[in-house]
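Summary of structural features
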Amino acid sequence: MQLRRGKRVTAAGGAVVAMVLALAACSSSTTSAPASTSTSTSAALSGTLNGAGSSFQNTFQQSAIQAFKSVQSGVTVNYNSVGSGTGRTDLASGVVNFAGSDSPIPSSEQSSFKGKTVLYFPILIGPITLSYNLSGVSSLKLTPDVIAQIFSAKITNWDNTAIASINPGVKLPNEPITIAVRSDSSGTTQNFSLFLETAAPSDWSLGSSSTIKWPAGARAGAQNTGVAQIIKTTPGAIGYVDYTDAKASGLTYASVQNKAGNYIAPSVAAASASAAGVTVAPNLTFHAVWGSGAAAYPITYQTWVLVYAQQSNANDAAMLKAYIGYLLGQGQSLLAPLGYAPLPSAIDAMAKAQLTKITS
């Protein structure tokens, strides 16, 4: 199997990966893989796995790929950050062995998988930031209703009374708002719009999907890094960017009002709080937006590795079990330093148990 697109790793991401690998090396002598991930260490494997999709999980994938070499030196894993939608398309067309996706396969794409069983392996949790570029404004609070009105162009200026009323003492500029959004089919868009649809139904009418028909004047970029770049270089901009990329880009982000009425800044701990009470379907799909709890960050999402249950040969099946087993086992220790939250233990256990469904 050939990977048609080049692997994408940012310089900032590479630096973070190096730091995390160093931390992992320091702790490796006291960390052992759980029994359920023994497929990753029980036998030496050889071959190549190609994956593509979610830009949200890209930093973790690059870190895990490097660390996995110490477990299975004969296995080469490539991951191409092209967005969730393209990743699913590549899996359906046989371009890759696995796809990264931040949302389940939509009904409009189901037929492209030709009736084959696709397994969902959740691998991590994380926040979607509302990052902004406002000179002199280092602290900003936003409610779901105000966010919905900004991204549907009902609020178009930063000194609008709806924003000012929840930010007393903050000098908001008389400056037009530029919304920064994704140009590609994106799980981040899917989950951000799901948050708006769930938390601000009376103010949001654009639906929830991996692609949205945004208002005229919106500026679009590819992957989270593309949106981050628009925000960083555009005074007055605001956009939705995953926490890891927002931090790597040096962006400033708002605190968002949660279901309990508290304004919460995005963080690993706040994402974990939002994911703590999710309802998990039998196929291991769920969503973590608008979670309950006083400390929950309300725009929290999840991401999966998608694979076919039936593989074309035993070696591919064994390599996928080994690599995904690593992501769910030892790999979870890499997440927090990268700005991600590990899976809740119950979900992690369910995902590990599902590894046996990968067959040839």
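Here we summarise the structure given alongside this text. All values reported here derive from a predicted model rather than from experimental measurement. (Residues numbered from 1 in each chain as written. Predicted model: local features only at pLDDT ≥ 70, side-chain atom pairs only at ≥ 80, totals over all residues. Heavy atoms only, no water.)

The subject of this paragraph is the nonpolar core. The biggest cluster of nonpolar side chains holds 99 residues, and the ones touching the most others in it are Phe60, Phe121, Ile150, Phe151, Phe192, Phe195 and Ile238. For this core, the element with the highest residue contribution is strand E4 (residues 118-132), accounting for 10 residues. Counting eight residues, the second largest nonpolar core, distinct from the first, contains Ala180, Ile230, Ile231 and Val241. (Core = buried A, V, L, I, M, F, W, Y, C linked by side-chain atoms within 4.5 Å. Buried < 20%, exposed > 50% of the residue type's maximum accessible area, 1.4 Å probe, protein only. Helix = DSSP H or I, 4+ residues; strand = E, 2+ residues; numbered from the N terminus.)

Let us now look at helix H3 (residues 84-92). Counting buried positions along H3 gives seven out of nine residues, so the element sits mostly inside the fold. Within two residues after H3, Gly94 carries a phi angle of roughly 80°, on the positive side.

Turning to the sheet that holds strand E5 (residues 141-142), a few remarks are in order. Strand order in the open sheet made by the three strands is E5-E10-E11, with mixed pairing throughout. Both edges of this open sheet fall to E5 and strand E11 (263-264), since each of them pairs with a single strand only. In the sheet, E5 pairs with strand E10 (residues 255-257) via two bridges, with the strands oriented parallel. The residue of E10 that forms the bridge with Leu142 is Val256. (Pairing = 2+ DSSP bridges.)

This next bit is on the packing of aromatic side chains. Applying the stated criterion to the full structure yields 18 aromatic pairs. Here Trp204 and Trp214 contribute two aromatic rings whose centre-to-centre distance is 6.2 Å and whose plane-to-plane angle is 55°, an arrangement assigned as tilted. A residue pair is termed long-range when its members are at least 10 positions apart, and Trp204 in the loop between helix H6 (187-199) and strand E7 (219-221) and Trp214 in the loop between H6 and E7 qualify at 10 residues. Grouping residues by exposure puts Trp204 and Trp214 together as buried. What links up through ring pairs into an aromatic cluster is the set Phe68, Tyr79, Phe98, Tyr323 and Tyr326. One cation-aromatic arrangement involves Lys116 over Tyr308; the distance from NZ or CZ to the ring centre is 4.9 Å. (Phe/Tyr/Trp six-rings, centres within 6.5 Å; stacked < 30°, edge-to-face > 60°. Lys NZ or Arg CZ within 6 Å of the ring centre and 35° of its normal.)

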